[in-house]
Amino acid sequence: MILHHYDMSPFSEKIRLMLDYAGIEWQSSIVPPMPPRPSIDPIVGGYRRIPIAQIGADVFCDTQIICAEVAALSNQAELSYESLSVEEIDYLEHIEKDVFFAVPNSSSGLNTIALLFKTFTPIQAIKFIKDRIGVAKGMKLKMKSRHKSQALLDSSIDELETRLSDDLFLQGGRPTIMDFSVHHVIWFRANSFGNDFLRDKPRIAKWFASMNKLSKDARNPIDRSQLVAVTKGATPRQLDDNLMQGEYLGKAVSIRPDDYARDAVEGILVGQDINRSVLRRPTKQCGDVHIHFPKRGFETRLL
Ligand SMILES: N[C@@H](CCC(=O)N[C@@H](CS)C(=O)NCC(=O)O)C(=O)O
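Notes on the structure follow. (Residues numbered from 1 in each chain as written. Predicted model: local features only at pLDDT ≥ 70, side-chain atom pairs only at ≥ 80, totals over all residues. Heavy atoms only, no water.)

A word on the sheet that holds strand β8 (residues 276–283)
Phase 1 of the analysis: Taking strand neighbours across the sheet as the criterion, the 10 strands line up as β5-β2-β1-β3-β4-β9-β8-β7-β6-β10 in an open arrangement whose pairing is mixed. Whereas interior strands pair on both sides, the edge strands pair on one side only; in this sheet they are β5 (220–221) and β10 (298–302).
Phase 2 of the analysis: The sheet contact formed by strand β1 (residues 2–5) and strand β3 (residues 52–55) spans 3 bridges and is antiparallel. Its bridge partner lying in β3, L3 is registered against A53.
Phase 3 of the analysis: Those strands touched by helix α10 (residues 224–232) are β1, β2 (27–30), β3, β5 and β9 (287–294), and its axis lies near 130 degrees from that of β1. (Pairing = 2+ DSSP bridges. Helix = DSSP H or I, 4+ residues; strand = E, 2+ residues; numbered from the N terminus. Contact = heavy atoms within 4.5 Å. Axes fitted to C-alpha atoms, helices over the stretch in contact; angles between N-to-C directions.)

What follows is the structure, given as structure tokens:
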């Protein structure tokens, strides 16, 4: 699997860690923290969120779908959202949206600016701030004030401490999708603004350390020309019969996230079931690719 990602991206950390835990070899394609991303933009055709995963001429957008692929490749169903109950999915949605955005929103503007100037050159930091202001403008999610974000973060951390049992992980003795989906949000908080909050949270501290230890941090880089060669040399995999359910099957459609960074990808809908949509997209350099999206959190429109 090829992973298009950047170091400070929490959702990328979720997949890096899961791939390492699942024992799947992956190749690392580092992209800039904001568009343009010349290595992946011509392949994916508009979708701007990170991470993106790729196997040959199949491209996977959003960690819901990437986790389903990792679960299938490693034969560990518990790494996929599809193994969860509705309540568990609702909990993760709350963590990966409301609590995720509460991390930057709970920090003072000065702390955020200091962090960005520590991470980037001044010009990059200014470009990054401008880019994220643009993303925030197109958002369908309601952002909370700093005070409310801090209260949400505190109560979510208290709740996590009580959810974690003596079994160490959220669903027992080994990590599942629940752990990976919560871990990257805690990682985001700890990496950006320090981990003092772990001091009086012994269960979270132990769990967080155990999760961090899953990282093998052994990356095989792949460069742009290798990427083109791999994509060009592959044909999209055959679609399962159960993907033949979409009402717009065979039609030209656009697909985009329904919440933020809502840039659309256009193509022919060649597969759909209750969890996934697959678009066929011609690319100039690499021929046809299939772009896989989750159904949850995405809109499909007839062109
Ligand atoms: N629901 C998406 C969320 C991905 C996401 O928000 N990624 C952030 C980086 S951690 C992002 O794309 N930010 C804008 C960007 O990098 O251009 C997923 O699960 O993949």
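Here we look at the pattern of salt bridges
Phase 1 of the analysis: Per the counting criterion, the structure on display carries 21 salt bridges.
Phase 2 of the analysis: Salt bridges sharing partners connect three or more residues here, namely R49, D62, E93, K97 and D259. (Salt bridge = Lys/Arg side-chain N within 4 Å of Asp/Glu carboxyl O.)

Focus on the side chain of E78
Phase 1 of the analysis: In this structure, E78 sits in the loop between α3 (63–74) and α4 (86–105).
Phase 2 of the analysis: Side chain to side chain, E78 and R174 meet in a polar contact 3.4 Å long. (Polar contact = N/O pair within 3.5 Å; in protein donor to acceptor, adjacent residues only side chain to side chain.)

What about the nonpolar core?
Phase 1 of the analysis: Counting 56 residues, the largest nonpolar core has L19, V70, L92, L160, V182, I186 and W207 as the members making the most contacts within it.
Phase 2 of the analysis: Taken together, the elements giving at least two residues each to this core come down to α1 (10–22), α3, α4, α7 (146–163), α8 (177–193) and α9 (202–212).
Phase 3 of the analysis: Each of two domains, domain 1 (2–77 + 219–302) and domain 2 (84–212), supplies a minimum of three residues to this core.
Phase 4 of the analysis: Contact partners of I186, with chain neighbours within four places excluded, come to I157, L160, F197, W207 and F208.
Phase 5 of the analysis: Counting 20 residues, the second-largest nonpolar core is a separate cluster that includes I43, Y47, I50 and F293. (Core = buried A, V, L, I, M, F, W, Y, C linked by side-chain atoms within 4.5 Å. Buried < 20%, exposed > 50% of the residue type's maximum accessible area, 1.4 Å probe, protein only. Domains from an automatic or database assignment.)

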